[in-house]
Amino acid sequence: MKILVTGAKGFIGKNLVENLKNVKDGKDRNRGVVIDEIYEYDIDTPEELLDEYCQNCDFVFDLAGVNRPKDAKEFNVNHSFLGLLLEKLKKDHNKAPVMLSSSVQALLDNDYGRSKKEAEELLLQYGKENGIRVCVYRFPNVFGKWCRPNYNSAVATFCNNIANDLPITVNNRETQLTLVYIDDIVDEMFEALKGNEHKDGELCYVPVTHKKTLGEIVDLLYEFNDEPNKLLMPSIPKGSFEKKLYSTFLSYLPERKVKFELRGNADERGSFTEFLKTENNGQFSINVSKPGITKGQHWHNTKWEFFLVVAGHALIEERKIGSDEVMRFEVSGKKLEPVHMLPGYTHNIINLSDTEDLVTLMWANELFDKDRPDTFHEEV
């Protein structure tokens, strides 16, 4: 297939084009389509190329549009460019399906909304008159990576400002937004490409959307921003709004925040540094033991752990409380083998080297609670 994308440099356009390229270049083989050529058209593309693209394309994604012009008259572009595009397709007798990116504002009586409504009607009429499959999508608030802040997306502005420690303004925390994530749009665009678009009457829609208040969004973003300080990763289930918002937030981090320092506890035996905590799935830590040092010598009632030696040579010992039998596991960074620390077993880890530090990645199933540490000293 040869795909024409207008507005290719815009927020949605860029995300779509890069994913189309992944398919074309063989990096993504799971989309169910074969793409031979991608025609990228934007405001700075010579118009004569549009003639060539319209003659050869097999599918059109019309993502071009104006939503924040200096002069309201410029809104006319939202339907006038589509008219130009359709005329060129008709001239070349090209019956390629056409997808239009519209907006929920097409329901509103304002300059932008009216221009989008006119474009919708133009495309729907074109499809009926010429027997061509057309897909009109009214997108709600779109968010995700590469969205321009301080323009027309509150989420992009909040992400950018909070990530850069800039002030934000929230007039009403209870204002509810209907949001759609850019990757969900891209997924739906591929479905449209295959003829599997989701339809409701004459219009198409993205099946996954989220309803959140401004207050909920802002609170989450401040929580994300504080993660390097608290090391606490909030719950981000697969497919959740929180997961998508966190990915979006990270894309706005300034360089100075991409790397951050961990604060550990060090003594003559080595060091212990917490790396990452989760609300429901425990925490990760890095333990460094100096040559010949033994650490641990304690047991837990309910808590359990994994020890994974990533550098050095160690002996891990575990003994069931009340028993004399000891399990021994010799491990090293040359062969990565996680070892369970069993509840009800006292355990230790011994650095067997006389010269090298032992580095161990440790995971515990729950966050450390100083009031109920569930940790009791007893030598193996």
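Here is a short report on the structure shown in this document. (Residues numbered from 1 in each chain as written. Predicted model: local features only at pLDDT ≥ 70, side-chain atom pairs only at ≥ 80, totals over all residues. Heavy atoms only, no water.)

1. Notes on the side chain of Thr213
Threshold: Numbering of helices and strands runs from the N terminus; a helix is a DSSP stretch of H or I covering at least four residues, while a strand is a stretch of E covering at least two. Residues count as neighbours in contact if any of their non-hydrogen atoms are within 4.5 Å of one another.
Position of Thr213 relative to the elements: it lies in strand E10 (residues 210–213). Aside from chain neighbours lying at most four places away, what touches Thr213 is Arg173, Glu174, Thr175 and Gln176.

2. Some remarks on the packing of helix H5 (residues 154–163) against helix H7 (residues 214–225)
Defined as follows: Helix axes use the C-alpha atoms of the stretch in contact, all axes being lines fitted to C-alpha atoms, and the angles between their N-to-C directions lie in the range 0 to 180 degrees. Here roughly perpendicular refers to angles of 65 to 115 degrees, roughly parallel to angles under 35, roughly antiparallel to angles over 145, and oblique to all remaining angles. Take the far helix as the reference: if the near one is turned anticlockwise from it by less than a right angle, the crossing is left-handed, and if turned clockwise, right-handed. Side-chain classes are defined by residue name, with Ala, Val, Leu, Ile, Met, Phe, Trp, Tyr, Cys and Pro counting as nonpolar, Asp, Glu, Lys and Arg as charged, and the others, Gly among them, as polar.
One can describe the packing of H5 onto H7 by two numbers: an axis separation of 10 Å at closest approach and a directional angle of 30°. Our classification of the angle between H5 and H7 gives roughly parallel. As for the relative orientation of H5 and H7, their crossing is right-handed in sense. Residue-level inspection shows Val155, Phe158, Cys159, Ile162 and Ala163 of H5 in contact with H7, the latter providing Leu214, Ile217, Val218, Leu221, Tyr222 and Asn225. Grouping the constituent residues of the contact of H5 with H7 by class yields 10 nonpolar, 1 polar and no charged.

3. Some points on H7
Operational definition: A helix is expected to span 1.5 Å for every residue after the first. Here the term buried applies to any residue with accessible area under 20% of the maximum for its type, exposed to any over 50%, and partly exposed to those in between, with areas from a 1.4 Å probe on protein chains only.
In a regular helix each residue adds 1.5 Å, so 12 residues correspond to 16 Å; H7 covers 17 Å between its end C-alpha atoms and thus fits that length. Inspection of H7 places Leu214, Gly215, Ile217, Val218, Leu220, Leu221, Phe224 and Asn225 among the buried residues, and these make up the whole buried set. Residues of H7 that are buried make contact with H5, strand E7 (176–181), E10, helix H8 (227–230), helix H9 (241–250) and helix H10 (255–258).

4. Here we look at the pattern of salt bridges
What counts here: Between Lys or Arg on one side and Asp or Glu on the other, a salt bridge is scored when a side-chain nitrogen of the former is within 4 Å of a carboxyl oxygen of the latter.
One pass over the full model with this rule turns up 29 salt bridges. Two residues, Asp44 and Lys9, come together in a salt bridge whose shortest N-O distance is 2.6 Å. Separated by 35 residues along the polypeptide, Asp44 in the loop between strand E2 (37–41) and helix H2 (47–56) and Lys9 in the loop between strand E1 (2–6) and helix H1 (11–24) bring together distant segments of the chain. By relative accessible area, Lys9 is classed as exposed at 57%. Across the pair Arg269 and Asp267 runs a salt bridge, and its minimum N-O distance is 3.4 Å. Accessibility expressed as a relative area gives 37% for Asp267, which makes it partly exposed. Linked through salt bridges whose partners overlap, the residues forming this network are Glu18, Lys21 and Glu40.

5. Side note on the packing of H1 against helix H6 (residues 182–193)
For the pair H1 and H6, interaxial distance at closest approach is 10 Å and the crossing angle is 60°. As the angle between them shows, H1 and H6 are arranged oblique. Remark: the crossing between H1 and H6 carries right-handed chirality. Counting all contacts with H1, which are made through Phe11, Ile12, Asn15, Leu16, Asn19, Leu20 and Val23, the residues of H6 involved are Ile182, Ile185, Val186, Met189, Phe190 and Leu193. Class assignment for the residues of the contact of H1 with H6 results in 11 nonpolar, 2 polar and no charged.

6. Things to note about unusual backbone geometry
For Trp146, which is not glycine, the phi dihedral falls at a positive 75°. Note that Trp146 resides in the loop between strand E6 (141–143) and H5. With a relative accessible area of 41%, Trp146 lands in the partly exposed category. Despite not being glycine, Asp165 has its phi angle at roughly 60°, a positive value.

7. Let's talk about the sheet that holds strand E20 (residues 345–351)
Rule in force here: We call two strands paired when DSSP finds no fewer than two bridges between them.
Taken together, the 5 strands give an open sheet; going across it, the order is E18-E17-E20-E15-E22, and neighbouring strands pair in antiparallel fashion. For this open sheet the edge positions go to strand E18 (326–332) and strand E22 (376–377), each flanked by a neighbour on one side alone. Pairing between strand E15 (residues 294–299) and E20: 4 bridges, direction antiparallel. Residue pairing across strands places Thr294 opposite Ile350, the latter belonging to E20.

8. A short note on the sheet that holds E7
Here we have 3 strands laid out as an open sheet, ordered E6-E7-E10, and mixed in their pairing. The open sheet terminates on both sides in strands that have one partner only, identified here as E6 and E10. The average undirected angle you get between the axes of adjacent strands in this sheet is 45°. As judged from the 4 bridges shared by E7 and E10, these two strands associate in the antiparallel manner.

9. Some words on the environment of Arg133
The condition that has to hold: Whenever two N or O atoms come within 3.5 Å, that pair is a polar contact, provided that in protein one can donate a hydrogen and the other can accept it, and provided that, for residues adjacent in sequence, both atoms are side-chain atoms.
As for its placement among the helices and strands, Arg133 is situated in the loop between helix H4 (111–130) and strand E5 (134–139). On the basis of relative accessibility, which here comes to 28%, the residue Arg133 falls in the partly exposed class. Spatially, the C-alpha atoms of Arg133 and Lys95 are 8.4 Å apart, while their sequence positions differ by 38 residues. In this structure Arg133 touches Phe59, Pro97, Val98, Ala192, Leu193, Gly195 and Glu197, once residues within four positions along its chain are discounted. For Arg133, the side chain forms a polar contact with the main-chain oxygen of Ala192, separated by 3.0 Å.

10. Here we look at the packing of aromatic side chains
The description of an aromatic ring pair uses the distance of the two centres, along with the angle that the planes make with each other. What counts is decided by this rule: Two rings belonging to Phe, Tyr or Trp (six-membered ring only in the last case) form a pair when the distance between their centres is within 6.5 Å. Interplanar angles under 30 degrees mark stacking, angles over 60 mark edge-to-face geometry, and anything in between is tilted. For a ring to carry a charge above it, either NZ of a lysine or CZ of an arginine must fall within 6 Å of the ring centroid while also lying within 35 degrees of the normal to the ring plane.
As enumerated under the stated definition, the model contains 11 aromatic pairs in all. Here Tyr39 and Tyr53 contribute two aromatic rings whose centre-to-centre distance is 4.6 Å and whose plane-to-plane angle is 15°, an arrangement assigned as stacked. Note that Tyr39 is positioned in strand E2 and Tyr53 in helix H2, a separation of 14 residues in sequence. Residue classification places Tyr53 among the buried positions, given a relative accessible area of 11%. Grouping aromatic residues by their ring pairs yields a cluster made of Phe143, Tyr181 and Phe241. Sitting above the plane of the Trp146 ring, Lys145 keeps its charged end 4.9 Å from the centroid.

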